[in-house]
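Commentary on secondary and tertiary structure
Next come the chains, spelled out residue by residue.
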Amino acid sequence: MTQNLLVVNGPNLNLLGKREPAIYGSQTLNDINRDLATVASQLGVRCEFYQSNHEGDLVDRIQQAMDSTDFIIINAGAYTHTSVAIRDALAGVNIPFIEVHISNVHQREAFRHHSYLSDKAVAVICGMGAFGYTAAMHYAVKHYLK
Ligand code: DQA
């Protein structure tokens, strides 16, 4: 049976390409997702993409993933550092996930050093730029989906 991956991006990640390019690079979210879709098809998994700037919508999408999604790759953006609700949603659906950050959050402001998600995550990737999503996908497929 083909397995399903879900890639979730949180607030302001729709601005990738325009937003602080020295930190986040020049690729847009569409560029990144297009590349990920290619990798997913090469690896033989189905992949869906979701982005929202709204905490409750992110919670709703994670809940919807229950029963249909085998693995989640999530960059929750700033909600990483604030959201008990997103943490509870990920724990509630009991779907393994990797937390991704484009930037190295540990080189940045102290408020970015804490994540509400990390201790529930299979792995945490930060500072690899957009390649972090690709790395997460390869890991997920190799260790969880095949
Ligand atoms: C981010 C890091 C967060 O601290 C920030 O709020 C973001 C993006 C990253 O991908 O590096 O929006 O998650």
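Figured I'd write up the structure that's included with this text. (Residues numbered from 1 in each chain as written. Predicted model: local features only at pLDDT ≥ 70, side-chain atom pairs only at ≥ 80, totals over all residues. Heavy atoms only, no water.)

**Concerning the site of the ligand**
For clarity, the threshold we go by: Neighbouring residues are identified by heavy atoms, a residue being near a molecule or strand if any of them is within 4 Å of it. Think of a polar contact as two N or O atoms within 3.5 Å of one another; within protein, one of them needs to be a possible hydrogen donor and the other a possible acceptor, and neighboring residues in sequence only count if both atoms come from side chains. What sets the accessible areas is the Shrake-Rupley method with a 1.4 Å probe; for residues, cover comes only from the shown protein chains. Note on residue classes: Ala, Val, Leu, Ile, Met, Phe, Trp, Tyr, Cys and Pro are nonpolar, Asp, Glu, Lys and Arg are charged, and everything else, Gly too, is polar.
Around the ligand sit Arg 19, Tyr 24, Asn 75, Gly 77, Ala 78, His 81, His 101, Ile 102, Ser 103, Val 105 and Arg 112, and those are all the residues in its vicinity. Within the side chain of Arg 19, a nitrogen or oxygen atom sits 3.1 Å from an oxygen atom of the ligand. At 2.7 Å, a side-chain N or O of His 81 approaches an oxygen atom of the ligand. Burial of the ligand by the protein amounts to 99% of the accessible area it has alone, namely 320 Å². Considering only residue class, the shell around the ligand consists of four nonpolar, five polar and two charged.

**Describing the pattern of salt bridges**
Selection criterion: Think of a salt bridge as a Lys or Arg side-chain nitrogen and an Asp or Glu carboxyl oxygen that are within 4 Å of each other. Each residue gets one of three labels from its accessible area relative to the maximum for its type: buried under 20%, exposed over 50%, partly exposed in between, using a 1.4 Å probe on protein chains only.
In this structure the tally under the stated criterion is five salt bridges. Here Glu 109 makes a salt bridge to Arg 112, at a shortest N to O gap of 2.7 Å. By relative accessible area, Arg 112 is classed as buried at 17%.

**A short note on the packing of aromatic side chains**
Operational definition: Any pair of Phe, Tyr and Trp rings, taking the six-membered ring for Trp, is counted once the centres come within 6.5 Å. Such a pair is stacked with planes under 30 degrees apart, edge-to-face with planes over 60 apart, and tilted for the rest. The helix and strand labels rest on DSSP assignments: H or I over at least four residues marks a helix, E over at least two residues marks a strand, and numbering proceeds from the N terminus.
Inspection of every chain in the model, using the stated rule, returns one aromatic pair. A centroid spacing of 5.2 Å and a plane angle of 55° characterise the contact between Phe 71 and Tyr 144, whose relative ring orientation is tilted. Of this pair, Phe 71 sits in strand S3 (residues 71–75) while Tyr 144 is found in helix H5 (residues 131–145), placing the two residues 73 residues apart along the sequence.

**Some words on the packing of helix H3 (residues 55–64) against helix H4 (residues 84–93)**
Applied cut-off: For every element, the axis is a line fit to its C-alpha atoms; helices are fit only across the contacting stretch, and the angle between N-to-C directions ranges from 0 to 180 degrees. In these notes the angle categories are as follows: under 35 degrees is roughly parallel, over 145 is roughly antiparallel, 65 to 115 is roughly perpendicular, and the rest is oblique. Contacts between residues were defined by any pair of non-hydrogen atoms, one from each residue, lying within 4.5 Å.
Here H3 crosses H4 at 5°, and the two axes come no closer than 9 Å. The angle between H3 and H4 places the two elements in the roughly parallel class. Contacts between H3 and H4 pair Glu 55, Leu 58, Val 59, Ile 62 and Gln 63 from the former with Ala 85, Ile 86, Ala 89, Leu 90 and Val 93 from the latter. Its residues assigned to classes, the contact of H3 with H4 shows eight nonpolar, one polar and one charged.

**Describing the sheet that holds S3**
Applicable threshold: Whether two strands pair comes down to DSSP finding at least two bridges between them.
Ordered in space as S2-S1-S3-S4-S5, the five strands form an open sheet in which the pairing is parallel. One side of each edge strand has no neighbouring strand; the edge strands of this open sheet are strand S2 (46–51) and strand S5 (123–126). Sheet twist, expressed as the mean angle between neighbouring strand axes with direction ignored, is 15°. As paired elements, strand S1 (residues 4–9) and S3 share five bridges and run parallel to each other. Note that in S3 the partner of Val 7 across the bridge is Ile 73. The strands touched by helix H2 (residues 29–43) are S1 and S2; relative to S2, the strand with the most contacts, the crossing angle is about 165°. In the packing of H5 onto the sheet, contacts are made with S1, S2, S3, strand S4 (97–101) and S5, and the angle to S3 comes to roughly 160°.

**Re the pairing of S1**
When you tally the buried positions in S1, you get six out of six residues, the bulk of the element. On S1, burial covers both faces: Asn 4, Leu 6 and Val 8 on one face and Leu 5, Val 7 and Asn 9 on the other are all buried. Pairing of S1 with S2 involves six bridges; the strand directions are parallel. Paired with Asn 4 across the bridge in S2 is Arg 46.

Geometric values such as these leave the question of function open.
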